[in-house]
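Okay, here's what each chain looks like letter by letter:
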Amino acid sequence: MFLTIVSKEIIGNLLSFRFTITTILCVLLMSISSYTLRERYERQLNEYNTAVTNHLKSFKESSKHHVSSTYVLDKQPAPLSMFANGLEGIGKTVNVTTSNEPTFSNSDVTVEPLSTLFGALDFEFIIRVVISLLALLFTYDAIAGERELGTLKLTLANSIPRDVVILGKAVGNYVSLLVPLGVSVLIGLGIIVLSPQVHFDGEMWKRLLAAGLVTLLYIWVFTAIGLFISVCTQRSATALLSLLLIWVVFVLAVPKASNLLAGQIYRVPSIQEIQGQKSTIAQRINDENLQEMMKMGQTVGKEVVEEWSAGGKESHSDMEGMQSAIHSTLMEKIADLQKKAQEKISAEWERIQLGYDRQRRKQLELAINFSRISPASSYVLATTSIANTGLTRQQSFLRDTKQYQREFTNYSLAKMAEGTIFLDPTNPQAKIDLSDMPRFETKAPTFDASLGEAWVDILLLAFMGILFFMAAYVSFLRQDVL
């Protein structure tokens, strides 16, 4: 009986006009998405490789006679951004300086304004928005429609258990939607993997498989929601309008409103206020350091002359040697002062930043927890975590740049202490050796780490799917067919 009902639902959907439209829409959207996102990834990868070379070349050119205080780091595009773009468009380059916190200086807002304005048409967007709506359109009349036509009463008159009917309809409609989706996804994958610049290793395929399983859960949630509302309403039109309202709330309203609600409940200072506090502290410490340098400049010369006199040397007989000694001593002490000042600034900045990050983290966690009321939010959080394009990658990249900023600052100060931070620009042979400059490296989280980050949202999707189906199941068993 169960297989009969399932096959009846599948055959009925296959022969329906909505199945034809769904198939055409899925294939069209996935094909366009795959082609355009593959082209964008190839372009971004080429731009990244060129930018890394150019930024290193520019730094070396500007550091021929003095070590430049700014170095630009680039964020490598994530391969799975073609499937779930996440936060990849926010911050593509970071300016690292010896005196300020690393800051993002490039994003899709300026590079691809229309893509940022309307959102990337990636697999995650298509499934989250389009497929969830189609799941409701496949199930809104599963029970209510048959109740209106009177066929439900005839079906139950044949002594078919109600639990078999509701389960068969759920599975039948679910499988009917997976057929066009599966075909379109395979076509999209084929378009992407044919690119010579796209190389998926074993871990990438595991991530894609995990994202696929999360997608199945997500579609099941909306199938169960559609079935539940269809059971609870007497007319299919009422069911459709109710489901459209639910879709708007879950997919569009809750994810957007959660951040605003969290901001009203838990307020944090703006980034401009934090930057102002940091600038004030840096200015104060640098002013104090400048005063120390001025005092030092007045005393170093006297100290060197006194040392030479004590050693039996005459300053007028070796003026060049004395000036070199003064310069060397002065640069060494200035470097020491600069290092101490930078350590003070870094310590104060870290104290302010830690407090701000702690407040922002609490607000963000509150917003995320509010958004998880919606299965769409859980789906986004899970898939972007698995694809390594979500919050963790952004935070990890910024954390690595901050670590590099400390290494870069120490390197510049070490060059200053050696007296090689400034060389004679009129001497073409005088060049600073940058072969020992620290290289920037960032490590992506492993698949297990990404899955560990996504497990809460995966469990929530599973819970929602079970909850809404059980609600439909119990309601169908208890209600009157008429």
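A few points on the structure. Keep in mind it's a predicted model, so treat the numbers as computed, not measured.

A word on the side chain of S230
Item 1. Its location among the elements puts S230 in helix α9 (residues 202-232).
Item 2. Looking at S230, the relative accessible area reads 0%, which means it is buried.
Item 3. A distance of 2.9 Å separates a polar side-chain atom of S230 from the backbone oxygen of Y140.
Item 4. There is a polar contact of 2.9 Å between the side chain of S230 and the backbone nitrogen of A144.
Item 5. In this structure S230 touches T139, Y140, D141, A142, I143, A144, R147 and A239, once residues within four positions along its chain are discounted.

Overview of the packing of aromatic side chains
Item 1. In total, this model carries 13 aromatic pairs according to the counting rule given.
Item 2. An aromatic cluster of three or more residues is present, and its members are Y71, F397, Y404, F408 and F440.
Item 3. Across from the ring centre of F138, 5.4 Å away, lies the NZ or CZ of R18, which sits over that ring.
Item 4. Over the face of the ring belonging to F476 we find R162, whose NZ or CZ atom lies 5.7 Å from the ring centre.

Structural notes on the layout of surface pockets
Item 1. Taken as a whole, the second largest pocket holds about 500 Å³ of empty space.
Item 2. Mapped onto the lining of the second largest pocket, the elements with two or more residues apiece are α5 (123-139), α8 (162-193), α9 and α13 (375-387).
Item 3. Sort the elements by how many residues they give to the lining of the second largest pocket and α9 lands first, with 9 residues.
Item 4. A per-class count over the lining of the second largest pocket returns 19 nonpolar, 4 polar and 2 charged.

Overview of the sheet that holds strand β2 (residues 93-97)
Item 1. Here we have 3 strands laid out as an open sheet, ordered β1-β2-β3, and antiparallel in their pairing. Strand pairing shows two members of the sheet lacking a second neighbour, β1 (70-74) and β3 (103-104), which therefore form its edges.
Item 2. Pairing geometry for β1 and β2, over 5 bridges, is antiparallel. Bridging from a neighbouring strand, L73 pairs with V94 of β2.
Item 3. Where helix α2 (residues 17-62) meets the sheet, it contacts β1 and β2, and its direction lies at approximately 170° from that of β1.

Some details on empty space enclosed by the protein
Item 1. Counted by the stated rule, this structure contains 1 cavity of 30 Å³ or more.
Item 2. Within this model, the largest cavity holds a volume of roughly 40 Å³.
Item 3. The wall of the largest cavity is formed by T384, S385, N388, T389, G390, T392, R393, P445, S450 and E453.
Item 4. Partitioned by chemical class, the residues of the lining of the largest cavity number 1 nonpolar, 7 polar and 2 charged.

Points about α9
Item 1. With 31 residues, α9 should cover 45 Å at 1.5 Å per step; its first-to-last C-alpha distance of 46 Å lies within 8% of that length.
Item 2. For α9, the capping residue at the N-terminal end is D201, with a side-chain oxygen 3.3 Å from the backbone nitrogen of E203.

Considering unusual backbone geometry
Item 1. The residue N388 is not glycine, and still its phi comes out positive at about 60°.
Item 2. Examined against the element boundaries, N388 turns out to sit in the loop between α13 and α14 (391-417).

Overview of a nonpolar patch on the surface
Item 1. Residues F2, L3 and L167 make up a contiguous nonpolar surface patch of about 280 Å² in total accessible area.
Item 2. Tracing the backbone shows L3 in helix α1 (residues 2-14).
Item 3. Accessibility expressed as a relative area gives 67% for L3, which makes it exposed.

Side note on the packing of α5 against helix α10 (residues 236-265)
Item 1. Contact geometry for α5 and α10: axes closest at 10 Å, N-to-C directions at 160°. Between α5 and α10, the crossing angle belongs to the class labelled roughly antiparallel. Crossing of α5 over α10 shows right-handed handedness. Where α5 approaches α10, its residues R128, V129, S132, L133, L136 and L137 are matched on the opposing element by L240, L243, L244, W247 and V251.
Item 2. A breakdown of the residues in the contact of α5 with α10 according to their chemical character gives 9 nonpolar, 1 polar and 1 charged.

Section: the environment of E453
Item 1. With respect to the helices and strands, the residue E453 is situated in helix α15 (residues 447-478).
Item 2. Given the relative accessible area of 30%, E453 is considered partly exposed.
Item 3. Distance from E453 to A382, taken between C-alpha atoms, is 7.8 Å for residues 71 residues apart in sequence.
Item 4. Dropping the residues within four chain positions of it, E453 is found in contact with S385 and T392.
Item 5. Here the side chain of E453 touches T392 through a polar contact of 2.4 Å, side chain to side chain.

Brief notes about the nonpolar core
Item 1. In terms of nonpolar packing, the biggest core is built from 72 residues, with F83, I131, F200 and F222 touching the most fellow members.
Item 2. Going through the elements one at a time, α2, α5, α7 (151-156), α8, α9, α10, α13 and α15 are the ones with two or more residues in this core.
Item 3. A per-element tally of this core places α9 first, with 15 residues.
Item 4. Residue contacts for F200: discarding those within four places in its chain leaves P79, L80, M82, F83, I192, V193, W205 and L208.
Item 5. If you look at the next biggest cluster of nonpolar residues, it comprises 11 residues, including F59, Y71, Y411 and M437.

Section: the pairing of β2
Item 1. Burial of β2 is extensive: 4 of the 5 residues sit out of reach of the surface.
Item 2. The pairing of β2 with β3 spans 2 bridges and is antiparallel. When the sheet's bridge partners are listed, N95 is paired in β3 with T103.

Here's the deal with the pattern of salt bridges
Item 1. Scanning the model with the defined rule gives 13 salt bridges in all.
Item 2. Between R43 and E47 there is a salt bridge; the shortest N-O distance is 3.6 Å. Pair noted here: R43 and E47 are both in helix α2, with a separation of 4 residues, about one helical turn.
Item 3. Residue E47 is classed as partly exposed on the basis of its relative accessible area, which comes to 40%.
Item 4. Put simply, E148 and R235 hold a salt bridge, and the shortest N to O gap is 3.9 Å. Taken as a pair, E148 in helix α6 (residues 144-149) and R235 in the loop between α9 and α10 lie far apart in primary sequence, 87 residues in all.
Item 5. Through salt bridges with shared partners, one network takes in K8, E9, E146 and K169.

Criteria and thresholds
Residues numbered from 1 in each chain as written. Predicted model: local features only at pLDDT ≥ 70, side-chain atom pairs only at ≥ 80, totals over all residues. Heavy atoms only, no water. Helix = DSSP H or I, 4+ residues; strand = E, 2+ residues; numbered from the N terminus. Buried < 20%, exposed > 50% of the residue type's maximum accessible area, 1.4 Å probe, protein only. Polar contact = N/O pair within 3.5 Å; in protein donor to acceptor, adjacent residues only side chain to side chain. Contact = heavy atoms within 4.5 Å. Phe/Tyr/Trp six-rings, centres within 6.5 Å; stacked < 30°, edge-to-face > 60°. Lys NZ or Arg CZ within 6 Å of the ring centre and 35° of its normal. 1 Å grid on protein atoms, 1.4 Å probe; cavity = no way out; pocket = protein on both sides within 12 Å on 5 of 7 lines; lining within 4 Å. Points joined across faces, edges and corners; volume = space filled by probe spheres on them. Nonpolar A, V, L, I, M, F, W, Y, C, P; charged D, E, K, R; others polar. Pairing = 2+ DSSP bridges. Axes fitted to C-alpha atoms, helices over the stretch in contact; angles between N-to-C directions. Expected span 1.5 Å × (residues − 1). Patch = residues over 30% accessible without salt bridge, like charges linked within 9 Å, V, L, I, M, F, W, Y side chains within 5 Å. Areas by Shrake-Rupley, 256 points an atom, 1.4 Å probe, with all protein chains shown as cover. Salt bridge = Lys/Arg side-chain N within 4 Å of Asp/Glu carboxyl O. Parallel < 35°, antiparallel > 145°, perpendicular 65-115°, else oblique. Left-handed = near helix turned anticlockwise from the far one by under 90°. Core = buried A, V, L, I, M, F, W, Y, C linked by side-chain atoms within 4.5 Å.

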